[in-house]
Every structure is written in C-alpha cells, then in structure tokens.
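A closer look at the structure
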Amino acid sequence: MEFRYRVKSNLVTVVSLLLFILTAIPTFGQSDPFRVVTTTTQATDLMHILTQNIPQDAIQITGLMGAGVDPHLYKPTVSDIEAMNEADMIIYSGLHLEGQFGEVFESVSERGVVIHRLSQPIEDQGFVLKLDINGIVVDDPHFWFDPRNWALVTDSLAKRLAELDPTHADIYLANAETYIEQLDLFYVWGVEAMSLVPEDLRYIVTSHDAFNYFGDAFGWTMVAIQGISTQDEAGVGDIQAMVEFVIENEIPVIFVESSVPPTTIQAVQEAVISNSGTVELGVRQLYSDAMGEPNTFGGTYIGMVAENIYTVLQSYQRAGIELSIPEWNEDVLPVPPESLLTIEE
C-alpha cells in the first residue's frame, strides 16, 4: 500500500444544562492516569490499539458512543460532558460527523482540554471527498472507510499522544508502526477481493451516503438514497429514482446499514419486485457509522471493514456471481471467525 499523506436549536436546553455543569466542575490538568475521551467507536478502537502495553493504571480511555450508535444524531449526555471536562484529551472524528458536539468542544477546550480531530491529516493532505447535496458542496465525513486514510490517522494520533505523554512515547509510536503494517496488508487483501466482481456490477446501493471512501479505496461505485447524514430524509421521488436505477442497471443486491433503519432499503426492494424486477438484500447488514459489539470481529476497525467486504462479496455470490474470496492473511489481526466465512443458502 502506498502510505499516502494524504447543529441546531434542539440542543439549546441540553447545552445550557451542560454548560452549567462545566462551570461547576473544576478544570483538570495533566493527571495520573492520563484521561482520554473518544467519541466514536472507531476512535475508541484506535486508542486501545495505540495504548497496548501501557500499564492500565497509567491511562484511562472513556468511549462515549457504543456499537450501532449513529454519530450524526448522537447528543452528548450529562455524564458525557462530565467525562470530557475531566479529560486531558478528547479525540473526535471530525468533518461535522459529531454534529451535536460543537459547543461542548469549544467550552472544554477553553478550560485547557486538548481536542484532537482524527480527520486533520486527511484534510491537510487534500484527501477529503466532496459531495454535492442539492447544489451545496459538503465534506464527506466517512473517511475511515479507506484503510489508507486510517493509516494516516493512526500515524498522526500516535505522534500527538507521544507529545502529550512522553513517558510512553516509544510505545505509542511502536504500536502505530505495527498497526500501519497490518493496515497495509489488509488493504492489499481488500483490493484483490473486491476486484473479483465484474466492473459493470460494482455498485453498492445503501440508504445514506456513507461508503464513498470505501468505493474510492476498492474501485466500486456507491449509490445512496439519501445524503451523507442520517438526518436527511428520503422522499418518494428519491425512492422511485433508486428503483429505476436498480432495474436499469440490473443490480442484484442492495444493502441495509447497521446504524440506519432498514425501512428505506426494504421499500426499494419491494418497489423493484412490484415492477417485475429482481433484487436481493445483502446477506447481512453493512457497518456504516459505527462498529459492532465489543469483543467481536466487527467490533474492531479492521474487522468492521473486512466484514463489509465479506458481506458484499458473499451477497454477490448468493445472487449468482461466481467468485472465490481470497484467503485471509493471518498476519492481519483479528482473524475472521469461521462463522463469517460461510453463508446460509
């Protein structure tokens, strides 16, 4: 792999309460343990990887969002704000993914808490994808779906941690080096696997526009019914346009996402069938804005993206496309469970 250097009124009441709490709680400086708060499941997973072999009593990681949680809609709770105010460092994804956190970040940063945006190296190197939403060009916040981006993120975060916690600097940097090597191997496997489907069939149809980086990384075209945020609503016209697209392009499979209700995709499938077309739902849901449950394959970054690859390819296999998924490189961890490698006919 080429290592590429690559928000609204409904918050007034909650934010007012939280700002009151911030005023009441004293500011914490560098503490023992080093307290880090992460917003998304991806950020939490990366912190656990970079802090391997650091004594447990030397660092405290608090993840705010759990498996399947939609970060577009998530509103920080009172306990979230308390954790962020007591933190030495907050790590968030960026590019407006956590749309409800802006005022809180501003408040805690004024009190000396370090705020680290994972998307920063992607922005600095010009690798942020742009989308045209009803004539307005916006940044796509789902940058983690390209493993090359995640390597940049890993390198940047490790260096920042090493600066803030020099006692463990060598550990952060060594963990990052090892993990980036695994991301490299994983990316090579993913490109080989996703290239097995004929080019004219390489479409991933989903509810919201979360997979453009995934498509950019692996050579597929993403087609979504609604915009990049799950706050966007799909209208009848949007669904009908997708129905026509699926029929015209003879797309065999469409996909439900883990953090989005299946209603819209199911409506497309029903409409395609009622118009004498044929389309199946994917063999399982795709992970989009959040990872799976802790201590599962999909509960890790590599596992999340890899499971999506398996899901796409197995869905095409079941739809009649002949392909043989490459064997997993066992130097890449975690190793997929046997239950993921087969599907029920």
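1. Some details on the overall build of the protein chain
When helices and strands are tallied, the protein chain shows 12 helices and 10 strands. For the protein chain, the computed accessible surface area is about 15,200 Å², with 49% contributed by carbon and sulfur atoms.

2. Examining the packing of helix H2 (residues 41-50) against helix H6 (residues 147-164)
The N-to-C vectors of H2 and H6 enclose an angle of 60°; their axes lie 11 Å apart at closest approach. Regarding the angle of H2 to H6, the classification is oblique. Crossing of H2 over H6 shows right-handed handedness. Taking contact as the criterion, the partners of Gln 42, Leu 46, Met 47 and Leu 50 in H2 are, on H6, Trp 150, Val 153, Thr 154, Leu 157, Ala 158 and Leu 161. In terms of residue class, the contact of H2 with H6 is built from eight nonpolar, two polar and no charged.

3. As for the confidence of the model for the protein chain
With 88% of its residues at a pLDDT of 70 or more, the protein chain has an overall mean of 89. The low-confidence segment residues 2-30, where pLDDT is below 50, has 57 contacts with residues more than four positions distant or belonging to other chains.

4. Some details on the nonpolar core
If you look at the biggest cluster of nonpolar residues, it comprises 71 residues, and the most contacted ones within it are Trp 150, Phe 214 and Tyr 301. Counting residues in each nonpolar core, the second largest holds 16 residues, with Tyr 203, Val 205, Ile 225 and Val 246 among its members.

5. Some thoughts on H6
For H6, which comprises 18 residues, the first-to-last C-alpha distance of 26 Å matches the rise-based estimate of 26 Å (1.5 Å per residue) to within 8%. Most of H6 is tucked away, with 13 of its 18 residues classed as buried.

6. Re the pattern of salt bridges
Evaluated as defined, the whole model comprises six salt bridges. Where Asp 155 meets Lys 159, a salt bridge forms, and the shortest distance between an N and an O atom there is 3.1 Å. Taken together, the residues Asp 155 and Lys 159, both in helix H6 and four residues apart, mark about one turn of the helix. Counted as one network, the salt bridges with shared partners bring together Asp 146, Arg 148 and Asp 216.

7. Re the sheet that holds strand E3 (residues 89-92)
Strands sit in the order E2-E1-E3-E4 across an open sheet of four strands; the sheet is parallel. In this open sheet, the two strands that pair with only one neighbour each are strand E2 (59-63) and strand E4 (114-117). Strand-to-strand twist of the sheet, defined as the mean angle between neighbouring strand axes without regard to direction, takes the value 20°. As judged from the four bridges shared by E3 and E4, these two strands associate in the parallel manner.

8. Quick word on the packing of aromatic side chains
Enumeration over the complete set of coordinates arrives at 19 aromatic pairs. Relative to Phe 211, the ring of Phe 145 lies with its centre 5.1 Å away and its plane at 35°, an arrangement referred to as tilted. Here the residue Phe 145 occupies a position in the loop between strand E6 (136-139) and H6, and Phe 211 occupies one in the loop between strand E7 (203-206) and helix H8 (212-218), the gap between them amounting to 66 residues. Both residues of the pair, Phe 145 and Phe 211, belong to the buried class.

9. Describing the environment of Arg 148
In this fold, Arg 148 is placed in helix H6. Remark: the alpha-carbon pair of Arg 148 and Asp 184, spanning 36 residues in sequence, is separated by 7.6 Å. Side chain to side chain, Arg 148 and Tyr 187 meet in a polar contact 3.2 Å long.

10. A look at the pairing of strand E8 (residues 221-224)
Here E7 pairs with E8 via four bridges, running parallel. When the sheet's bridge partners are listed, Tyr 203 is paired in E8 with Thr 221. Handedness of the crossover joining E7 and E8 through H8 is recorded here as right-handed.

11. Things to note about the side chain of Ser 315
With respect to the helices and strands, Ser 315 occurs in helix H11 (residues 301-318). What Ser 315 contacts, discounting residues up to four positions off in sequence, is Val 253, Phe 255, Gly 282 and Val 283.

12. Things to note about the pairing of strand E5 (residues 130-133)
Relative to E6, E5 is paired through four bridges, and the arrangement is antiparallel. Residue pairing across strands places Asp 132 opposite Val 137, the latter belonging to E6.

13. Concerning the side chain of Thr 154
Its place among the elements puts Thr 154 in helix H6. According to the relative accessible area criterion, Thr 154 is buried, its value standing at 0%. Within the local environment of Thr 154, its side chain forms a polar contact with the backbone oxygen of Trp 150, the two atoms lying 2.8 Å apart. Apart from the residues lying within four places of it in its own chain, the contact partners of Thr 154 are Leu 46, Leu 50, Ala 176, Tyr 179, Ile 180 and Leu 183.

14. Section: unusual backbone geometry
Backbone torsion omega between Leu 333 and Pro 334 reads 5°, so that peptide bond is classified as cis. Tracing the chain through its elements places Pro 334 in the loop between H11 and helix H12 (338-341). In this structure, His 96 takes a positive phi of about 65° despite not being glycine. Note that His 96 resides in the loop between E3 and helix H4 (102-110). Owing to a relative accessible area of 69%, His 96 belongs among the exposed residues under this scheme. Despite not being glycine, Glu 250 shows a phi value in the positive range, around 50°.

What counts and what doesn't
- Residues numbered from 1 in each chain as written.
- Predicted model: local features only at pLDDT ≥ 70, side-chain atom pairs only at ≥ 80, totals over all residues.
- Heavy atoms only, no water.
- Helix = DSSP H or I, 4+ residues; strand = E, 2+ residues; numbered from the N terminus.
- Areas by Shrake-Rupley, 256 points an atom, 1.4 Å probe, with all protein chains shown as cover.
- Axes fitted to C-alpha atoms, helices over the stretch in contact; angles between N-to-C directions.
- Parallel < 35°, antiparallel > 145°, perpendicular 65-115°, else oblique.
- Left-handed = near helix turned anticlockwise from the far one by under 90°.
- Contact = heavy atoms within 4.5 Å.
- Nonpolar A, V, L, I, M, F, W, Y, C, P; charged D, E, K, R; others polar.
- pLDDT = per-residue confidence, 0-100.
- Core = buried A, V, L, I, M, F, W, Y, C linked by side-chain atoms within 4.5 Å.
- Buried < 20%, exposed > 50% of the residue type's maximum accessible area, 1.4 Å probe, protein only.
- Expected span 1.5 Å × (residues − 1).
- Salt bridge = Lys/Arg side-chain N within 4 Å of Asp/Glu carboxyl O.
- Pairing = 2+ DSSP bridges.
- Phe/Tyr/Trp six-rings, centres within 6.5 Å; stacked < 30°, edge-to-face > 60°.
- Polar contact = N/O pair within 3.5 Å; in protein donor to acceptor, adjacent residues only side chain to side chain.
- Right-handed = clockwise from strand over helix to strand, strands pointing away.

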